Amino acid sequence: GWSVRLSDRFGPGVICVAHWDELHRLRLRAPRSYIVGVRADRPPLLVADATSWRAWLAANHATSSGVRLVLAKKGVSEPTRLTYDDALRYLDEHATYEKTGRITSPSLDNITALCEAMGDPQHAAPAIHITGTNGKGSTAQMISRLLVASGLTVGTYTSPHLERINERISRNLEPISDDDLAEQIAAIADLEAIIGRRPGYFEIMTAAAFRWFADVAVDVMVIEVGLLGRWDATNVVDATVAVVTNI
């Protein structure tokens, strides 16, 4: 019905699907390796692994109505592949505050551009946004455990980590796997070139968390604020519930 293989027209592996919202509703993972086309009887589309369609269209000077023509001319390419160690190196190369302890020119521009390029995965599920001076991590854990106990699938994003960076991103309290984290970071690395911006360590991790939560179709996201208040990268979420601990 809503998924059609278009190998003859656009090349091997290219699949035409309906909207990301429909994939999310059906709890299906988006196709990962190729940019995706459109159907004549559907509004445009979802692209790539549901992450880069807006940026891809902009980079190729395409409009919604002209996607098929551009895809036919441009073709598609394989995404970046990173090992877990490669992903950690990429993050380290983008560390700023983590190395210097200083933050210059705080802005939401980088994380906004990344999220727009991914189709705004931060809106794929309701969010509970937690801020405050102390107790944010504990509060995030308590909320997550209550929601899991209620039968919901919960994506939790916290910082910093205690032993491994994977701890920052979890599904039902289980940290993201090494392979999945590497895959998410690789996707952000691809988008860095497309959006023409150099995101920082925390922005990359935040975007990776949102992307993974959309991929695994969580029912709710529990998001802990980092350090920057109104300029914190997590502020791109439109929280259903906001929590303020002690200040």
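In what follows, the accompanying structure is described. Owing to the predicted nature of the structure, the values given are computational and were not obtained by experimental measurement. (Residues numbered from 1 in each chain as written. Predicted model: local features only at pLDDT ≥ 70, side-chain atom pairs only at ≥ 80, totals over all residues. Heavy atoms only, no water.)

1. What about the pairing of strand β3 (residues 127–131)?
- Of all five residues making up β3, four are buried, and the element is well covered by its neighbours.
- As judged from the four bridges shared by β3 and strand β8 (residues 241–244), these two strands associate in the parallel manner. Bridged to I130 within β8 is V243. (Buried < 20%, exposed > 50% of the residue type's maximum accessible area, 1.4 Å probe, protein only. Helix = DSSP H or I, 4+ residues; strand = E, 2+ residues; numbered from the N terminus. Pairing = 2+ DSSP bridges.)

2. Some remarks on the environment of I185
- Note on placement: I185 falls in helix α9 (residues 178–195).
- For I185, a relative accessible area of 0% gives the class buried.
- The spatial distance from the C-alpha of I185 to the C-alpha of L91 is 8.2 Å, given a sequence separation of 94 residues.
- Not counting residues up to four positions away in its chain, the partners in contact with I185 are L82, A87, Y90, L91, I204, M205 and A208. (Contact = heavy atoms within 4.5 Å.)

3. Examining the nonpolar core
- Among the nonpolar cores identified, the biggest contains 42 residues, and I169, I185, M205 and F213 are the most heavily contacted of them.
- Elements represented by at least two residues in this core include exactly α5 (84–93), α7 (109–117), α9, α10 (201–215) and β7 (220–224).
- Residue contributions to this core peak at ten residues, all from α10.
- When neighbours within four sequence positions are excluded, M205 is seen to be in contact with L91, Y157, I165, R168, I169, L181 and I185. (Core = buried A, V, L, I, M, F, W, Y, C linked by side-chain atoms within 4.5 Å.)

4. Notes on the sheet that holds strand β4 (residues 154–157)
- Ordered in space as β6-β5-β4-β7-β3-β8, the six strands form an open sheet in which the pairing is mixed. With one partner strand each, in any of the chains shown, β6 (174–175) and β8 form the two edges of the open sheet.
- Taken strand by strand, α10 contacts β4, β5 (169–171) and β7, and its axis lies near 15° from that of β5. (Axes fitted to C-alpha atoms, helices over the stretch in contact; angles between N-to-C directions.)

5. Focus: the packing of aromatic side chains
- The tally for this structure, following the rule as stated, stands at two aromatic pairs.
- Residues Y157 and F202 carry aromatic rings whose centres are separated by 5.9 Å and whose planes lie at 35° to one another, so their mutual orientation is tilted. Of this pair, Y157 sits in strand β4 while F202 is found in helix α10, placing the two residues 45 residues apart along the sequence. Like Y157, the residue F202 is buried in the burial classification.
- Ring centres of W212 and F213 lie 6.1 Å apart, and the angle between their planes is 45°; on these two criteria the pair is classed as tilted.
- With a relative accessible area of 1%, F213 lands in the buried category. (Phe/Tyr/Trp six-rings, centres within 6.5 Å; stacked < 30°, edge-to-face > 60°.)

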